[in-house]
Amino acid sequence: MSWKVVGTWDILAPLTSPQKGYVSCFAPVGLAAFLLVAAPDQGVTANFSLYFAHLQFLFPLLPLLGVTNGQLHNDGAKTSQQRCSLAMGVLTLYTSCSLVALGVSKTLQLDDFRRLRREASALLGERPSFLRSLEGPRRLWGHGMEGVGLGRPEIIVDIDFQGATHPQPISIRLYFSEGKINARWLLPSSPRGEDKLKSFMESLLRGSPLSHVVPALWEQVISPEAPWGATRSTSYRARTLHRELYGSWLSFLDPNLLLLLKRLQQGSTGTHTACGRCVGKKGPSFPGWRQLFLKLGFEEISRGVYAFQAMTPRFCSLFLQELSWFEHAGLRRSRPNSMNKYGTVLDEMDLSPMIAHFQQQVLQPLSRLLFPGIGDELDGHHAFVVRYRVEGAGDMDLAPHRDDSEVTFNLALGRRWAGCELTFCGLMQDQDVYHHRLSHKFPGEGWAVLHLGRQVHGTEKIRWGERANLVIWSRSWAWRAAGRIHV
Ligand SMILES: O=C(O)CCC(=O)C(=O)O
Ligand SMILES: [Fe+2]
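Residues numbered from 1 in each chain as written. Chains lettered and ligands numbered in written order. Predicted model: local features only at pLDDT ≥ 70, side-chain atom pairs only at ≥ 80, totals over all residues. Heavy atoms only, no water.

1. Let's talk about the packing of aromatic side chains
Then comes step 1: Tallied over the full model, the rule gives 17 aromatic pairs.
Then comes step 2: Relative to F358, the ring of W249 lies with its centre 5.7 Å away and its plane at 55 degrees, an arrangement referred to as tilted. Separated by 109 residues along the polypeptide, W249 in the loop between α7 (210-222) and α8 (255-267) and F358 in helix α11 (residues 352-370) bring together distant segments of the chain.
Then comes step 3: Classification of W249 by relative accessible area gives buried; the value is 2%.
Then comes step 4: Three or more aromatic residues joined by ring pairs make a cluster, and in this case those are W249, F252, F315, F319, F358 and F409.
Then comes step 5: R184 extends its terminal NZ or CZ atom over the ring of Y175, reaching a point 4.4 Å from the ring centre. (Phe/Tyr/Trp six-rings, centres within 6.5 Å; stacked < 30°, edge-to-face > 60°. Helix = DSSP H or I, 4+ residues; strand = E, 2+ residues; numbered from the N terminus. Buried < 20%, exposed > 50% of the residue type's maximum accessible area, 1.4 Å probe, protein only. Lys NZ or Arg CZ within 6 Å of the ring centre and 35° of its normal.)

2. Observations concerning the site of ligand 1
Then comes step 1: Taken together, 15 residues surround ligand 1, and among them Y388, N410, H457, T459 and R467 come closest.
Then comes step 2: A distance of 3.2 Å separates an oxygen atom of ligand 1 from a polar side-chain atom of H401.
Then comes step 3: In the model, an oxygen atom of ligand 1 is placed 2.9 Å from a nitrogen or oxygen of the N410 side chain.
Then comes step 4: Considered on its own, ligand 1 offers 290 Å² of accessible surface; in the complex 99% of this is hidden by protein.
Then comes step 5: Elements with a contribution of two residues or more to the shell around ligand 1: β8 (380-389), β9 (398-401), β15 (455-459) and β16 (462-475).
Then comes step 6: Looking at side-chain class alone, the shell around ligand 1 contains six nonpolar, seven polar and two charged residues. (Near = heavy atom within 4 Å. Polar contact = N/O pair within 3.5 Å; in protein donor to acceptor, adjacent residues only side chain to side chain. Areas by Shrake-Rupley, 256 points an atom, 1.4 Å probe, with all protein chains shown as cover. Nonpolar A, V, L, I, M, F, W, Y, C, P; charged D, E, K, R; others polar.)

3. A few points about unusual backbone geometry
Then comes step 1: Residue R415 follows G414 across a cis peptide bond; omega there is -5 degrees.
Then comes step 2: Along the chain, the position of R415 falls in the loop between β10 (407-414) and β11 (417-419).
Then comes step 3: A positive phi angle, close to 60 degrees, is found at D350, a residue other than glycine.
Then comes step 4: If you trace the backbone, D350 turns up in the loop between β7 (343-345) and α11.
Then comes step 5: Positive phi, normally seen in glycine, also occurs at C420, with a value near 60 degrees.

4. Regarding the nonpolar core
Then comes step 1: Ranked by size, the top nonpolar core spans 88 residues in total, and within it L174, L217, W249, F315, F319 and F409 carry the most contacts.
Then comes step 2: Counting only domains with at least three residues in this core, you end up with domain 2 (127-230) and domain 3 (243-481).
Then comes step 3: The contact partners of F315, leaving out residues within four places of it in the chain, are L245, W249, F252, L411, L413 and L470. (Core = buried A, V, L, I, M, F, W, Y, C linked by side-chain atoms within 4.5 Å. Domains from an automatic or database assignment. Contact = heavy atoms within 4.5 Å.)

5. Some words on the pattern of salt bridges
Then comes step 1: Following the criterion strictly, the structure yields ten salt bridges and no others.
Then comes step 2: Across the pair E244 and R314 runs a salt bridge whose closest N-O atoms are separated by 2.8 Å. You can see E244 sitting in the loop between α7 and α8 and its partner R314 sitting in helix α10 (residues 313-327), a full 70 residues away along the chain.
Then comes step 3: The class of E244 is partly exposed, set by a relative accessible area of 34%.
Then comes step 4: Between E300 and R290 there is a salt bridge; the shortest N-O distance is 3.5 Å. With E300 in strand β5 (residues 299-302) and R290 in helix α9 (residues 289-295), this residue pair connects regions lying ten residues apart in the sequence.
Then comes step 5: According to the relative accessible area criterion, R290 is partly exposed, its value standing at 34%.
Then comes step 6: Each of E327, R387, R389, R415 and E466 takes part in salt bridges that share partners, so that together they form one network. (Salt bridge = Lys/Arg side-chain N within 4 Å of Asp/Glu carboxyl O.)

6. Comments concerning the coordination of the iron ion (ligand 2)
Reference geometry at the metal: tetrahedral coordination by four donors gives ideal angles of 109.5 degrees; octahedral coordination by six donors gives 90 or 180 degrees.
Then comes step 1: Protein-derived ligands of the iron ion (ligand 2) are H401 (NE2), D403 (OD) and H457 (NE2), with the metal-ligand distances lying across 2.1 Å.
Then comes step 2: Positions of the donor residues of the iron ion (ligand 2), expressed as sequence spacing, correspond to H-x1-D-x53-H. Of the two residues examined, H401 and D403, each falls in the buried class. (Donors = N, O, S within 2.8 Å, 3.2 Å for Na, K, Ca; no water.)

7. A look at the sheet that holds β9
One key point about sheets: their strands pair by backbone hydrogen bonds, in either a parallel or an antiparallel sense.
Then comes step 1: Taken in spatial order, the four strands line up as β9-β15-β12-β13 in an open sheet, and their pairing is antiparallel. Every interior strand has two partners, whereas the edge strands, β9 and β13 (438-440), have only one. Within the sheet, the average angular offset between the axes of one strand and its neighbour, ignoring direction, is 20 degrees.
Then comes step 2: Summarising the sheet, β9 and β15 pair through two bridges and their orientation is antiparallel. For L398, the partnering residue across the bridge sits in β15 and is T459. (Pairing = 2+ DSSP bridges. Axes fitted to C-alpha atoms, helices over the stretch in contact; angles between N-to-C directions.)

8. Side note on α7
Every α-helix winds through 3.6 residues per turn, so residues three or four apart in the chain are directed the same way.
Then comes step 1: Of all the bends found along α7, the most pronounced is centred on A216 and spans about 30 degrees.
Then comes step 2: Counting buried positions over the 13 residues of α7 gives twelve, a clear majority of the element. (Bend = angle between axes of the 7 residues up to and from the residue.)

9. What about the packing of α8 against α11?
Then comes step 1: Remark: α8 packs on α11, axes separated minimally by 10 Å, with the N-to-C direction vectors making an angle of 65 degrees. The way α8 lies across α11 gives a crossing that is left-handed. Contact residues: L257, L260, L261 and L264 in α8; Q361, V362, P365, L366 and L369 in α11. (Left-handed = near helix turned anticlockwise from the far one by under 90°.)

In structure tokens, the structure reads:
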């Protein structure tokens, strides 16, 4: 076998041959595109080294395709051109695959980046007292370059904490990559501090939001026993995360619900007080309300059970953030009710005035419309969040029951889950109560159901994920005083 050096020009021949060379032209074009697309973010050097590092493995394979100098010499120009085209085709394929893979991973990373940036600016906007500065997220490309491959791209966030117990700022760097978070002290900490940080990171749920991680880090890792300093009080009101939630919730209403409420207000025939004489009489409404009701997307999913989009997804996301903030504040937390073990009572979050306002502005007109008589005068409430979770602290299901309420509003806050449908089994006084009629799946966050408290319902077992719902039990002492509790 001859190894005369004649191959160089033969290998390049297809590039100059108009008949066979068109395939090969994609290789340099692909290479150029690859570098162009990837280079601005990942750095030219890193991309060159990645690309050529892989070519190192590809080139030794070329003899297998018959592209050796010896064979070129023996086979003649025509066959050699075909084989060279094949080789260049392989290179092209490799380049194109690299390009597609890179494009997909870049899009995913960009989504993560945007989400983190939104969360970081929300946190900064709220300026929690312990947060001195928060820098990032910024991308760190090519971090941990090992061997021929690139390390996993990460997004980094630097945080400085400062509080009464820590006059000097304490810095921690968070690394987000592929749904996981890692943390490191920017200055070396004590071995005990390292251990605390390590066990804290292990306890974090996959994909935990920044708004959850930062306060939890402060509470569990950095701040000693008195995390809020000497001024720690038992009230949560002074240290809320989203002040917007501590005003009227009307700006968070879904536009369709807002429209219906407006029409109800226009069609209303004045105030109506529930009493022994008037309960059960028709409440204020307007002619043709049912058509509008259906047109706006409201649905009667089972007799006396109404489903509709009530709040915006933004409300739900702020609320969930506030909830984790509260849960890490270390204040008293009671069980939401006698059946659900896990959750939060909203009164303990100092949200009672907002619930009362929401009840009067939103739930009251709806209840007058949909449950005339019993829903005419709502004058008490008990509001809480229920939490179902497969892993960690959460209920798994809920047995059929009636609520200690006249009217119940139940709003899905999120997050993602499977199973955990709400089942409805008829009204308490029905002959066939406790017969399953419907399993309701909340279509998404912000969707709610409104039903009578004596509508028997339960919750099926959660299969995966986590569901958190905000439940408002509205009571009518006027109705109860009229002795109509059980019907
Ligand atoms: O959303 C649910 O699972 C229902 C909760 C419930 O019925 C209740 O707490 O009374
Ligand atoms: Fe219930």
